[in-house]
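# Chains, contacts and geometry: an overview
Residues per chain are reported as follows:
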Amino acid sequence: DQQVKQNSPSLSVQEGRISILNCDYTNSMFDYFLWYKKYPAEGPTFLISISSIKDKNEDGRFTVFLNKSAKHLSLHIVPSQPGDSAVYFCAASAMETSGSRLTFGEGTQLTVNP
Amino acid sequence: KAGVTQTPRYLIKTRGQQVTLSCSPISGHRSVSWYQQTPGQGLQFLFEYFSETQRNKGNFPGRFSGRQFSNSRSEMNVSTLELGDSALYLCASSLGAMGEKLFFGSGTQLSVL
């Protein structure tokens, strides 16, 4: 039972354009969402998060949008840079019940072309 | 501040053997979690330890076990290895508060032949 799904295994964009990565979840108990970025041979690194009481959180070039009614979140990267090329994982947590446990999506490989 | 350290980085074993992986969390972090990453499957939660106690457990068979020591360092053990256990095993640490972001190590790449 995949509770967090990233339906696009890969995404390719041109440098300077917007990258939009999508994520859907099924568990209505999830109330905290995170995005991680992973380069080959390295562990995932935290990018940005959002609590379910908000619908948008912005940090520099990165913005996460949360649509609770649709159980959907997205990560926008503007402008995209070649160094952003990595695998992006969406993750979710049910803070009251799961402690530090995160449920991850399958990941989306983002390629930013110069 | 040193990051999360996992040893070894690479490991090759044969079916039926057992393996122990090690994780040293960031100094001051009391929670250590383990995840398995396989191609196309994302990261699957194995278990979490906090103050030497298992606080949460994923849906893995009993062949997968772990422990945490008083200095918060953690070990993960897999017994009777199967080919399907080949994966990247990632350790993550945090202070242990609910919903907190995790800091990951670089992982141990396990190959079972």
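Attention here is on the structure that accompanies the text. (Residues numbered from 1 in each chain as written. Chains lettered and ligands numbered in written order. Predicted model: local features only at pLDDT ≥ 70, side-chain atom pairs only at ≥ 80, totals over all residues. Heavy atoms only, no water.)

## A few points about the layout of surface pockets
Quick reminder of the rule: Using protein atoms alone on a 1 Å grid, points that fit a 1.4 Å probe yet trap it form a cavity, whereas open point sets bounded by protein on both sides within 12 Å along at least five of seven lines form a pocket; residues with an atom within 4 Å of a point count as lining. Grid points are joined across faces, edges and corners, and a volume is the space filled by probe spheres set on the points. Helical segments are the DSSP runs of H or I of at least four residues, strand segments are the runs of E of at least two, and each set is numbered from the N terminus.
Approximately 250 Å³ is the volume found for the second largest pocket. Surrounding the second largest pocket, A:Lys38, A:Ala41, B:Arg9, B:Tyr10, B:Gln37, B:Thr38, B:Pro39, B:Ala87, B:Leu88, B:Ser106, B:Gly107 and B:Gln109 form its lining. For the lining of the second largest pocket, the secondary structure elements donating two or more residues are strand E4 (31-38) and strand E9 (87-94) of chain B.

## Some points on a nonpolar patch on the surface
Note the threshold: Only residues whose relative accessible area exceeds 30% and that take part in no salt bridge are eligible for patches, with like-charged residues grouped when within 9 Å of each other and nonpolar side chains (Val, Leu, Ile, Met, Phe, Trp, Tyr) grouped when within 5 Å. Each accessible area is a Shrake-Rupley result for a 1.4 Å probe, and residues are judged covered by the shown protein chains and nothing else. Salt bridge, as applied in this entry: a Lys or Arg side-chain nitrogen positioned within 4 Å of an Asp or Glu carboxyl oxygen.
A surface patch of nonpolar side chains, about 220 Å² in accessible area, is lined by A:Ile18, A:Ile20 and A:Val78. If you trace the backbone, A:Ile18 turns up in the loop between strand E2 (10-14) and strand E3 (19-25).

## Focus: the pairing of strand E11 (residues 108-112) of chain B
A regular strand carries its side chains on alternate faces of the sheet. Residue and element names in this part refer to chain B. Using the following cut-off: Note on exposure labels: buried denotes an accessible area under 20% of the residue type's maximum, exposed denotes more than 50%, and partly exposed covers the range between, all computed with a 1.4 Å probe on protein chains only. By this definition, two strands are paired if DSSP reports at least two bridges between them.
Burial along E11 is one-sided: Thr108, Leu110 and Val112 are buried, and none of Gln109 and Ser111, which face the opposite way, are. Bridge analysis of strand E2 (residues 10-13) against E11 gives 4 bridges, and the strand direction is parallel. What sits directly across from Ile12, in E11, is Ser111. Here 3 bridges tie E9 to E11, and the two strands are oriented antiparallel to one another. Residue Ala87 lies in a different strand from E11, and its bridge partner there is Leu110.

## As for the pattern of salt bridges
Residues and elements named next belong to chain B. Summed over all chains, the structure comprises 8 salt bridges over all chains. A salt bridge links Arg63 to Asp85; its shortest N-O distance comes to 2.8 Å. Of this pair, Arg63 sits in the loop between strand E6 (53-57) and strand E7 (64-68) while Asp85 sits in the loop between strand E8 (74-78) and E9, placing them 22 residues apart in sequence. Each member of the pair, Arg63 as well as Asp85, carries the same accessibility label: buried. With a shortest N-O distance of 3.2 Å, Arg67 and Glu75 are connected by a salt bridge. Where salt bridges share partners, they join Arg63, Glu82 and Asp85 into one cluster.

## Remarks on the sheet that holds strand E3 (residues 19-24) of chain B
Residue and element names in this part refer to chain B. Selection rule: In this description, a line fitted to the C-alpha atoms serves as the axis of each element, helices being fitted only across the stretch in contact, and the angle between N-to-C directions of two axes falls anywhere from 0 to 180 degrees.
Spatially, the 4 strands line up as an open sheet ordered E1-E3-E8-E7, and their pairing is antiparallel. Across the chains shown, the open sheet's two edge strands, defined by having one partner strand only, are strand E1 (5-7) and E7. Ignoring strand direction, the axes of neighbouring strands in this sheet form an average angle of 20 degrees. Two strands pair when backbone bridges link them, and E3 and E8 are joined in this way by 5 bridges, in the antiparallel orientation. The partner of Leu21 across the bridge, within E8, is Met76.

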